[in-house]
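Take a look at the letters that make up each chain.
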Amino acid sequence: MKKILNTLKFAAILLILAGVMISCGEDEINSLKGTKWKLAGIVDVQTGKLTELEPKDCEQCYTLVFETNILAKGFSCTRYIYVDLSDFRKYVQEAFGEPYDGDLFSSAVHRTETYSVIAEELKFFYSDESNKKYCLLFKKIEQ
């Protein structure tokens, strides 16, 4: 009888843990909906060197706000941008004639092939014309 009770207790603990794991699923942990991100810079993946984009003192430049887990609106320097994580080329058009580093930013978003979200960092990975690998590194900010 004691062995059956211990087995039932163990089964109950496993069920509780399974319920907690399901309620804290990956979609909830990595949810982008309602989050805001600001570009820290462009990282050369090979060297790890971070390059900040100009203007540095512009609060709205190089920001993204996610309306859903895959759709975001944001700003380059002077233009609105729309990002669809399922297809980066769908909404983002390469911009030309923007001041500062706006063209570079828009082109990088347009070239994005993959992305990752880990804690407070959002990374868009892309290659340039020479196939050199880069990452747009965004930091999560409070709205």
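Because the structure is predicted, anything quoted here is derived from the model rather than measured.

Trainee: Got a minute to help me understand the overall build of the protein chain in this structure?
Mentor: Regarding its fold elements, the protein chain presents four helices and eight strands. From first element to last, N terminus to C terminus, the protein chain shows the α and β order α-α-β-β-β-β-β-α-α-β-β-β. Counting only carbon and sulfur atoms, one obtains 57% of the accessible surface of the protein chain, whose full area is about 9,400 Å².

Trainee: Got a minute to help me understand the state of the cysteines in this structure?
Mentor: Here, disulfide denotes a covalent bond that connects the sulfur atoms of two cysteines. Under the definition given, this model contains one disulfide. Considering cysteine sulfurs only, Cys61 is the nearest to Cys77, which forms no disulfide, with 4.6 Å between them. Exposure remark for Cys77: the relative accessible area of 10% places this residue in the buried category.

Trainee: In this structure, what is going on with the layout of surface pockets? I would like to understand it.
Mentor: Using a probe with the size of a water molecule, rolled over the atoms, empty space left in the structure can be pinpointed. By volume, the largest pocket amounts to about 180 Å³. Lining the largest pocket are Ile42, Asp44, Lys49, Thr51, Leu104, Ser107, Ala108, Arg111, Tyr126, Asp128, Glu129 and Tyr134. Counting residues per element, the lining of the largest pocket draws most heavily on helix α4 (residues 102–111), which supplies four residues. Among the residues forming the lining of the largest pocket, the class breakdown is five nonpolar, two polar and five charged.

The rules behind each value
- Residues numbered from 1 in each chain as written.
- Predicted model: local features only at pLDDT ≥ 70, side-chain atom pairs only at ≥ 80, totals over all residues.
- Heavy atoms only, no water.
- Helix = DSSP H or I, 4+ residues; strand = E, 2+ residues; numbered from the N terminus.
- Areas by Shrake-Rupley, 256 points an atom, 1.4 Å probe, with all protein chains shown as cover.
- Disulfide = S-S within 2.5 Å.
- Buried < 20%, exposed > 50% of the residue type's maximum accessible area, 1.4 Å probe, protein only.
- 1 Å grid on protein atoms, 1.4 Å probe; cavity = no way out; pocket = protein on both sides within 12 Å on 5 of 7 lines; lining within 4 Å.
- Points joined across faces, edges and corners; volume = space filled by probe spheres on them.
- Nonpolar A, V, L, I, M, F, W, Y, C, P; charged D, E, K, R; others polar.

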